[in-house]
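# Examining the three-dimensional arrangement
Below are the chains, spelled out letter by letter.
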Amino acid sequence: MSTPDRREFLARAAGGAAALALVPELFAAPPRVAEPVSLALVGAGRQGRAILGELATLDAARVTAVCDTDESRLASGLRRVQGARGYASHAELFEKEKELAGVVVATPTHLHREVCLDALAAGKAVFCEAPLAATAEDAKAIAKAARESGRLFQCGYQARSNPIYALARSFVRSGTLQELALLRAQTNKKTSWRTPSSSPEREAELNWHLDPEVSTGLMGELGSHQLDVVHWFLGRYPIGARGGGAIRLYDDGRKMPDTAWCDLDFGDGVHLSWSATLASSFEGRYELLEGSMATIKLAWTAGWMFKEADAPTQGWEVYANRQEFHNDEGITLIADATKLAAQGKLKEGVGLPQTPLYYALEDFVRSIAEAKPPACSADEGLRTTLVALAAQRAIATGAEVAIDPSELRQD
């Protein structure tokens, strides 16, 4: 099979449905370094601890410092990293840890700006969790500082590092879907989004997600990752948004909706219909791109492409691992498809071998070690953040919100 064929490996299935198979060369070899890249984590909350877990599996990275203003979170983070030094202040961290190569910022979104700007001023490469910030002003300040510093800056939109999404994007960009008809995305997870605490002050700090004054809501914290998938795949941004939200389950005094929806207008009859709820886990998280010749469904650790019955036959059935979807039959994306097929172990290879977060952090370490551009730059992170903030305004107000294309222009 030729290299282009392998990159676009597609299996034709019965009933008008088909799906992708992921081939080995889409998985880049782990970065190789003489000495592990020295990193610090700022923000040892739930996401920060997940980051520490993933970095511990990367031989090319070594976490040498952890910072959090909360003593218990800092202690919890340090227990996950042998030999790391702890700091209650990121300013002290940057003053004392002169040999750091990079910093991973996992503080609450509304606190990103100060840490990112100080890290860049200290000459460090930065990985900032997404969205970039909780306000347009802060997001623009971060992107401007990253641009002017000349330092490596990666925004944590994980799809851009995901091998399954990279393969799916190659199909979209090559016109496999043909006429794009509909875009859909959802994030459903039954969870209260609330962390109990013994004091009102501590509870307010822990539950910043629920505070409309600082939170970007379901759209910013969850939906923006899905918006970024569409932006990356299509190379386009919406021109307007309308939406709404409500409290459907957790009537506990919160003001932030636990259920939200948004329609984003891409200007030529194409709309993205997005929704999220904390009241139900049904069908979880996915993105759907529906075209006249094929539909792609992506679910972060797995993905499928279903071809229409009148679409051209590709004839690559040999490595197909079929999966039933109601009346359709799809073929799962599979890592190392040719190797597993030869061993008769296709079903064992379904899905990603690592988490999406792992691949994003691996890309960051690789960019530092090999002086490569980031998977998602500060400017691209800014564009998606601005769209998400506009969409969140539409959800919060119930009014239609225009999105100024000049703010998103890729100059």
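Placed above this text is the structure.
Criteria and cut-off values
- Residues numbered from 1 in each chain as written.
- Predicted model: local features only at pLDDT ≥ 70, side-chain atom pairs only at ≥ 80, totals over all residues.
- Heavy atoms only, no water.
- Helix = DSSP H or I, 4+ residues; strand = E, 2+ residues; numbered from the N terminus.
- Buried < 20%, exposed > 50% of the residue type's maximum accessible area, 1.4 Å probe, protein only.
- Contact = heavy atoms within 4.5 Å.
- Areas by Shrake-Rupley, 256 points an atom, 1.4 Å probe, with all protein chains shown as cover.
- Salt bridge = Lys/Arg side-chain N within 4 Å of Asp/Glu carboxyl O.
- Pairing = 2+ DSSP bridges.
- Axes fitted to C-alpha atoms, helices over the stretch in contact; angles between N-to-C directions.
- Parallel < 35°, antiparallel > 145°, perpendicular 65-115°, else oblique.
- Nonpolar A, V, L, I, M, F, W, Y, C, P; charged D, E, K, R; others polar.
- Core = buried A, V, L, I, M, F, W, Y, C linked by side-chain atoms within 4.5 Å.
- Arc of directions from axis to C-beta.
- Polar contact = N/O pair within 3.5 Å; in protein donor to acceptor, adjacent residues only side chain to side chain.

### What about the overall build of the protein?
Helix and strand counts for the protein come out as 13 helices and 18 strands. The buried share among the 411 residues of the protein stands at 54%. Look at the contacts in the protein between residues 6 or more apart in sequence, and 70% of them connect residues 24 or more apart. Accessible area of the protein: about 18200 Å², with a carbon and sulfur share of 48%.

### Quick word on the pattern of salt bridges
Going through the model one piece at a time under the given rule, you end up with 23 salt bridges. In this structure, Asp252 and Arg194 form a salt bridge, with 3.0 Å as the shortest nitrogen-oxygen distance. Remark: Arg194 occurs in the loop between β9 (180-188) and α8 (200-206) and Asp252 occurs in the loop between β10 (240-246) and β11 (259-265); sequence separation between them is 58 residues. Owing to a relative accessible area of 27%, Arg194 belongs among the partly exposed residues under this scheme. One connected set of salt bridges, linked through shared partners, spans Asp68, Asp70, Arg73, Arg202 and Glu205.

### Focus on the sheet that holds strand β7 (residues 125-128)
The sheet built from six strands is open, its strands ordered β5-β4-β3-β6-β7-β8 with parallel pairing. Two strands close off the open sheet at either side, each with one partner strand: β5 (85-87) and β8 (153-155). Averaged over all pairs of adjacent strands, the angle between their axes in this sheet comes to 25 degrees, without regard to strand direction. The pairing of strand β3 (residues 37-42) with strand β6 (residues 102-105) spans four bridges and is parallel. Following the sheet pairing, Leu39 is matched in β6 by Gly102. Seen against the sheet, helix α3 (residues 71-79) touches β4 (61-67) and β5 and runs at an angle of roughly 160 degrees to β5.

### Some remarks on the packing of helix α6 (residues 136-149) against helix α12 (residues 378-397)
Put simply, α6 and α12 touch, their axes get as near as 9 Å, and they point 175 degrees apart. By the angle class used here, α6 and α12 are roughly antiparallel. Of the residues in α12, those in contact with Ala136, Ala139, Lys140, Ala143, Ala146 and Arg147 of α6 are Ala378, Asp379, Leu382, Thr385, Leu386 and Leu389. Looking at side-chain class alone, the contact of α6 with α12 contains eight nonpolar, one polar and three charged residues.

### Some thoughts on the packing of helix α7 (residues 163-173) against helix α9 (residues 217-234)
Where α7 contacts α9, the two axes come as close as 9 Å, and the packing angle between them is 45 degrees. In terms of orientation, α7 lies oblique with respect to α9. Together, Tyr165, Ala166, Ala168, Arg169, Val172 and Arg173 of α7 and Val229, Trp232, Phe233 and Leu234 of α9 make up the contact between the two elements. When grouped by side-chain class, the residues that make up the contact of α7 with α9 number eight nonpolar, no polar and two charged.

### Remarks on the nonpolar core
Formed by 105 residues in total, the largest nonpolar core has its most connected members in Val66, Phe153, Tyr165, Met219, Phe233, Leu264 and Trp274. The element that contributes the greatest number of residues to this core is α12, accounting for nine residues. The contact partners of Met219, leaving out residues within four places of it in the chain, are Ser224, Leu227, Cys262, Leu264, Trp274, Ala388, Ala391, Gln392 and Ile395.

### As for the side chain of His225
Locating His225 in the fold gives a position in helix α9. For His225, a relative accessible area of 9% gives the class buried. Setting aside chain neighbours within four positions, we find His225 in contact with Ala130, Gly156, Tyr157, Gln158 and Trp300.

### Section: the pairing of β10
Taken together, the seven bridges between β10 and β11 define a ladder with antiparallel strand orientation. Paired with Ala246 across the two strands is Thr259, which belongs to β11. Sheet topology note: the β10/strand β18 (residues 401-402) ladder contains two bridges and is antiparallel. By the bridge assignment, Gly240 is partnered in β18 with Ala402.

### Re helix α5 (residues 112-121)
Residues of α5 that are buried: His112, Val115, Cys116, Ala119 and Leu120. Seen end-on, α5 carries its buried residues on one side only, within an arc spanning 130 degrees. Exposed and facing more than 90 degrees away from the buried side of α5 are Glu114 and Ala121. Buried residues in α5 make contact with β3, α4 (90-96), β6, β7, α6 and β8. Downstream of α5 by one or two residues, Gly123 has phi in the positive range, about 85 degrees.

### Some points on the environment of Glu92
Secondary-structure assignment places Glu92 in helix α4. Accessibility expressed as a relative area gives 28% for Glu92, which makes it partly exposed. Separated by 25 residues in the primary sequence, Glu92 and Cys67 have C-alpha atoms spaced 9.3 Å apart. Of the polar contacts made by the side chain of Glu92, one reaches the side chain of Lys96; its length is 2.8 Å.

### Some remarks on the sheet that holds β10
With mixed pairing, eight strands are arranged side by side in an open sheet as β15-β14-β13-β9-β12-β11-β10-β18. A single partner strand is all that each edge strand has here, and the edge strands are β15 (303-307) and β18. Lying over the sheet, α7 contacts β13 (285-291), β14 (294-298) and β15, oriented at roughly 160 degrees with respect to β14.

### Re unusual backbone geometry
Cis geometry marks the peptide bond from Ala130 to Pro131, where omega comes out at 0 degrees. Mapped onto the secondary structure, Pro131 falls in the loop between β7 and α6. Phi at Gln178 is positive, roughly 60 degrees, even though this residue is not glycine. Checked against the element boundaries, Gln178 lands in the loop between α7 and β9. One non-glycine residue, Glu283, lies in positive phi territory at about 65 degrees. Take Glu283: its relative accessible area is 41%, and that puts it in the partly exposed class.

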